[in-house]
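# Coordinate inspection notes
Okay, here's what each chain looks like letter by letter:
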Amino acid sequence: VVASFSDEAADALGDNGDAFFITGATGFVGSFLTKQLLENHPGSCCFVLVRGDDSRARLEASLHNAGCVDDIGARVTIVQGDLSREQFGLPDARFVAIAHVVRAVFHVGARVDWLRPCADLRAENVVGTATAISLAITAKAPLHHISSGAVSGVAAEPADLVQESGYTASKAVAESLVARAVEENGLAATIYRVGTVTASAAASCVVNREDYASRYIESCFELSMAVDSPALFETIPVD
């Protein structure tokens, strides 16, 4: 059972609430992260940002696939909003109310598309990160920003980003916003450059069948062939 966010939900925790705020919880990495936070912090709850009228069904399905049990899922509260809008599209009062009970912000949400230009990804990947930073600063809480291994060695300068894919460029700009907030606002932040994430190492072996790695491996089996290349295909289990 996953509840929807209300002002009363935040008020019930008081000014010193013990809650995590998570974006991207319906995604592969985000669902496993939410599960781990709930398991490791039994006295805490999670506010998760989800977009769309079917937000409850999608979130419950993602948490179920990650192995969440019902009693853990009951500590998850949906915040209906939009990653691409300032303040996630939330009214000022609600944004501040959430900040008052948040102990840490985990920004996992992003639009992953290797074919679109940076301009098409800016709203979700750059504006979304700026809002996550604003929430963490308002809450006086640490920010955990999930970035991409593709950013390694990339400078967030306009001249350099022209040579990169739109996704890599947008994530590089997002990282630069986090770094600036650390320097100028004293934000406590950690950036995680995640590589290719694959199936969980647990017995359940949950797989994200929509990502490149899964589609490539599945194609190899279906065609009974693979690319003959010396390149290494490095992956990391989601858990």
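See the structure above.
Counting from 1, residues in each chain are numbered in the order their sequence is written. Residues qualify for local features only when their pLDDT is at least 70, as the model is predicted, and side-chain atom pairs are given and counted only at 80 or more; totals for whole chains, interfaces and linings, by contrast, use all residues. Computation of side-chain values: all heavy atoms of the structure, hydrogens and water removed.

## Comments concerning the pattern of salt bridges
Heads up, the rule is: Each salt bridge in this description consists of a side-chain nitrogen of Lys or Arg and a carboxyl oxygen of Asp or Glu lying within 4 Å of one another. Put simply, DSSP marks the helices as runs of H or I at least four residues long and the strands as runs of E at least two long, and each gets a number from the N terminus on.
All chains considered together, the criterion is met by 9 salt bridges. Between D18 and R103 there is a salt bridge, with the nearest N and O atoms lying 2.9 Å from each other. Of this pair, D18 sits in the loop between helix 1 (7–13) and strand 2 (19–23) while R103 sits in strand 5 (residues 102–107), and the two are 85 residues apart along the sequence. Taken together, the salt bridges that share partners define one network made up of D113, R116 and D120.

## A look at the nonpolar core
Selection rule: Residue types Ala, Val, Leu, Ile, Met, Phe, Trp, Tyr and Cys, when buried and joined through side-chain atoms within 4.5 Å, form a set referred to as a nonpolar core. A 1.4 Å probe rolled over the protein chains alone gives each residue an accessible area, and that area as a share of the maximum for its type sets the label: buried under 20%, exposed over 50%, partly exposed in between. Note on definitions: a residue-residue contact is assigned when non-hydrogen atoms from the two residues lie within 4.5 Å.
Residues F21, F88, I98, V105 and L143 are the most contacted members of the largest nonpolar core, which totals 27 residues. Elements supplying a minimum of two residues to this core: strand 2, strand 3 (45–50), helix 5 (92–99), strand 5, helix 6 (118–139) and helix 8 (166–185). Here this core takes 6 residues from helix 6, the largest share from any one element. If we skip the residues at most four places from it in the chain, L143 touches V105, H107, A132, I133, A136, V178, L187, A188, A189 and T190. V50, C68, I78 and A104 belong to the second-largest nonpolar core, a separate cluster that totals 19 residues.

## As for the environment of R51
Examined against the element boundaries, R51 turns out to sit in the loop between strand 3 and helix 3 (55–65). Sequence spacing of R51 and L83 is 32 residues, and the spatial spacing of their C-alpha atoms is 7.9 Å. Each residue touching R51, except ones within four places of it in the same chain, is listed here: R58, G81 and D82.

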